Amino acid sequence: MGTKENTRGTKLNNDLDPDFDLDGYIEEQAKGASSGSSKADQDEINRDGSYKVKNSLTIVAVFTVLFLWAFDWSPKNAYEFFFPPEPQTVATTSGAGTGAIDIRIPPININIPDFEIPDIEIPDFEIPDIEGMPVPAGTNNAPPLDMSYTDYLAALNDLGYLDEFGSSSLSTLYQNNVPVSYIDQFGKAGMLNDFGGTSITRFFNNGVPFNYIVMFKERGLLDNLGSTSISQLYANEVPMSYIDQFQKAGIMDNFGGQSITRLFQNNVPVSYILEINEIGVLDNFGSTSISRLYQNNVPVSFIKELNERGLLDNMSSSSIVDAYNIDGN
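Residues numbered from 1 in each chain as written. Predicted model: local features only at pLDDT ≥ 70, side-chain atom pairs only at ≥ 80, totals over all residues. Heavy atoms only, no water.

Visitor: Sorry if this is basic, but what is going on with the overall build of the chain here?
Guide: On a plain count of helices and strands, the chain comes out with 15 helices and zero strands. With 329 residues in all, the chain has 26% of them scored as buried. Taken as a whole, the chain presents about 22,300 Å² of accessible surface, with 53% of it coming from carbon and sulfur. (Helix = DSSP H or I, 4+ residues; strand = E, 2+ residues; numbered from the N terminus. Buried < 20%, exposed > 50% of the residue type's maximum accessible area, 1.4 Å probe, protein only. Areas by Shrake-Rupley, 256 points an atom, 1.4 Å probe, with all protein chains shown as cover.)

Okay, structure coming up:
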């Protein structure tokens, strides 16, 4: 019996590796089991974290949509809801009563610098009589001509006047119903060289008598005054005696029909104009300026003093009037 037991024991002992480390083997198995368990746990944690992030993003997206929808999809409205702007002080104080709002407006002071409006002298000028210019309708309501345009041309040709006008002047005369007899007066007086079709039409439309025009011819004033000026003088009933004074004083070159009319309407005597001319400063003023000086009783002696002191060239008529009044004159 004892022998068998020893044999088994010997066999068992012989099956074991003499270099086998049992303690090391147990430790390795323990580490392997622990490592497998940790990896599985980590995977589970990662999966749970991913699900939580996705769920959070979904919730935020839904909340954002609902938030913007509540404020009409306007981030500005949402911002002003949480951060309202400062109230603007543009309203006035409301009336007394429940719920009255008192918003006071601060005073706004704007300092506007003082400035002087310069006195602008408008020079006098005459509108030249140019053939072909449109002729404004006057006060003369002439009846239509009882003839065709061809007959009109034939009548002027018979009188020897057809070559005196261009085609534009002829059509202007005819379209304004200027009678051939009216044109014949200029032809017989030898004045077709002084006035063309446009000028004769202007005279006719403004009802200027031919005898009135002849007076300017006799005085040699047609070089100074054209049909526009003569028509204006006639329409404003400027007497020929007033016009004669300008011619006798030799100052017709300084004034045209419009200027003479303005001076006459402001009751400026030609003697006042002559005094200004005598001190040599007539070229400094037009008819508007002279009228202003005369109406404000500025004597020519004061104008002369300003000129002698070297001040006149830098002063307008309004400035002269101001200086005269400030000096207590």
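Visitor: What is the right way to look at the packing of helix H10 (residues 240–248) against helix H11 (residues 257–265) in this model?
Guide: In a packed pair of helices, the relevant descriptors are the angle between the two axes and the axis-to-axis distance. It is the contact of H10 with H11, at a shortest axis distance of 11 Å, that shows an interaxial angle of 120°. Here H10 and H11 pass one another in a crossing that is right-handed. For the pair H10 and H11, contact is made by Tyr242, Ile243 and Phe246 and by Ile260, Leu263 and Phe264, respectively. Grouping the amino acids of the contact of H10 with H11 by side-chain chemistry returns six nonpolar, no polar and no charged. (Axes fitted to C-alpha atoms, helices over the stretch in contact; angles between N-to-C directions. Left-handed = near helix turned anticlockwise from the far one by under 90°. Contact = heavy atoms within 4.5 Å. Nonpolar A, V, L, I, M, F, W, Y, C, P; charged D, E, K, R; others polar.)

Visitor: Mind showing me how you'd approach the nonpolar core here?
Guide: When a protein is soluble and globular, its nonpolar side chains tend to lie buried together. Counting residues in each nonpolar core, the largest one holds 58 residues, and the members touching the most others are Phe186, Ile200, Phe216, Phe246 and Ile290. Ranked by residues supplied to this core, first place goes to helix H8 (residues 210–218) with five residues. If we ignore the near neighbours within four places in the chain, the residues touching Phe216 are Leu221, Leu222, Leu225, Ile230, Leu233, Met240 and Ile243. (Core = buried A, V, L, I, M, F, W, Y, C linked by side-chain atoms within 4.5 Å.)

Visitor: So what exactly am I meant to see when it comes to the packing of aromatic side chains here?
Guide: The relative placement of two aromatic rings is captured by the distance of their centres and the angle of their planes. In the structure shown here, the tally under the stated rule is 15 aromatic pairs. Taken together, a centroid distance of 5.0 Å and an interplanar angle of 80° make the contact between Phe186 and Phe210 edge-to-face. Here Phe186 is found in helix H6 (residues 180–188), whereas its partner Phe210 is found in helix H8, with 24 residues between them in sequence. Grouping residues by exposure puts Phe186 and Phe210 together as buried. When the ring of Tyr212 is compared with that of Phe216, the centres are 5.2 Å apart and the planes differ by 70°; the resulting orientation is edge-to-face. (Phe/Tyr/Trp six-rings, centres within 6.5 Å; stacked < 30°, edge-to-face > 60°.)

Visitor: Teacher, can you tell me more about the packing of helix H12 (residues 270–278) against helix H13 (residues 287–295) here?
Guide: Two numbers describe how H12 lies on H13: the axes approach to 11 Å, and their chain directions differ by 110°. As the angle between them shows, H12 and H13 are arranged roughly perpendicular. Facing Tyr272, Ile273 and Ile276 of H12, the residues of H13 in contact are Ile290, Leu293 and Tyr294. Tallied by class, residues from the contact of H12 with H13 come to six nonpolar, no polar and no charged. (Parallel < 35°, antiparallel > 145°, perpendicular 65-115°, else oblique.)

Visitor: Please clarify how helix H7 (residues 197–205) should be interpreted in this entry.
Guide: Each α-helix turn comprises 3.6 residues. Residues three or four places apart therefore point the same way. Of all the nine residues making up H7, nine are buried; the element is thus mostly covered by neighbouring parts of the structure. Taken together, the buried positions of H7 are occupied by Gly197, Thr198, Ser199, Ile200, Thr201, Arg202, Phe203, Phe204 and Asn205. Check the buried side of H7 and you find it contacts helix H5 (167–175), H6, H8 and helix H9 (227–235). Just past H7, the residue Gly207 takes up positive phi, approximately 65°.

Visitor: Looking at this structure, how should I read helix H15 (residues 317–326)?
Guide: All buried positions along H15 are accounted for by Ser317, Ile320, Val321, Ala323 and Tyr324. When H15 is viewed along its axis, its buried side chains cluster within an angular range of 165° and face the same direction. Where H15 is buried, its residues touch H13 and helix H14 (300–308). (Arc of directions from axis to C-beta.)

Visitor: Sorry if this is basic, but what is going on with the confidence of the model for the chain here?
Guide: A low pLDDT score tells you not to read the predicted coordinates there in detail. Summarising the model, the chain shows a mean pLDDT of 77, and 59% of its residues fall at 70 or more. With pLDDT under 50 throughout, residues 1–17 is counted as low confidence; its partners more than four residues away or in other chains account for zero contacts. Note that residues 114–119 has pLDDT below 50 and, in this model, four contacts with residues that lie over four places away or in other chains. (pLDDT = per-residue confidence, 0-100.)

Visitor: In this structure, what is going on with the pattern of salt bridges? I would like to understand it.
Guide: Here the structure, examined in full by the defined rule, presents four salt bridges. Residues Asp184 and Lys188 are paired through a salt bridge, measuring 3.2 Å at the closest nitrogen-oxygen approach. With a gap of four residues between them, Asp184 and Lys188 both fall in helix H6, about one helical turn apart. Judged by its relative accessible area of 68%, Lys188 is exposed. Put simply, Arg219 and Asp244 hold a salt bridge, and the shortest N to O gap is 2.7 Å. (Salt bridge = Lys/Arg side-chain N within 4 Å of Asp/Glu carboxyl O.)

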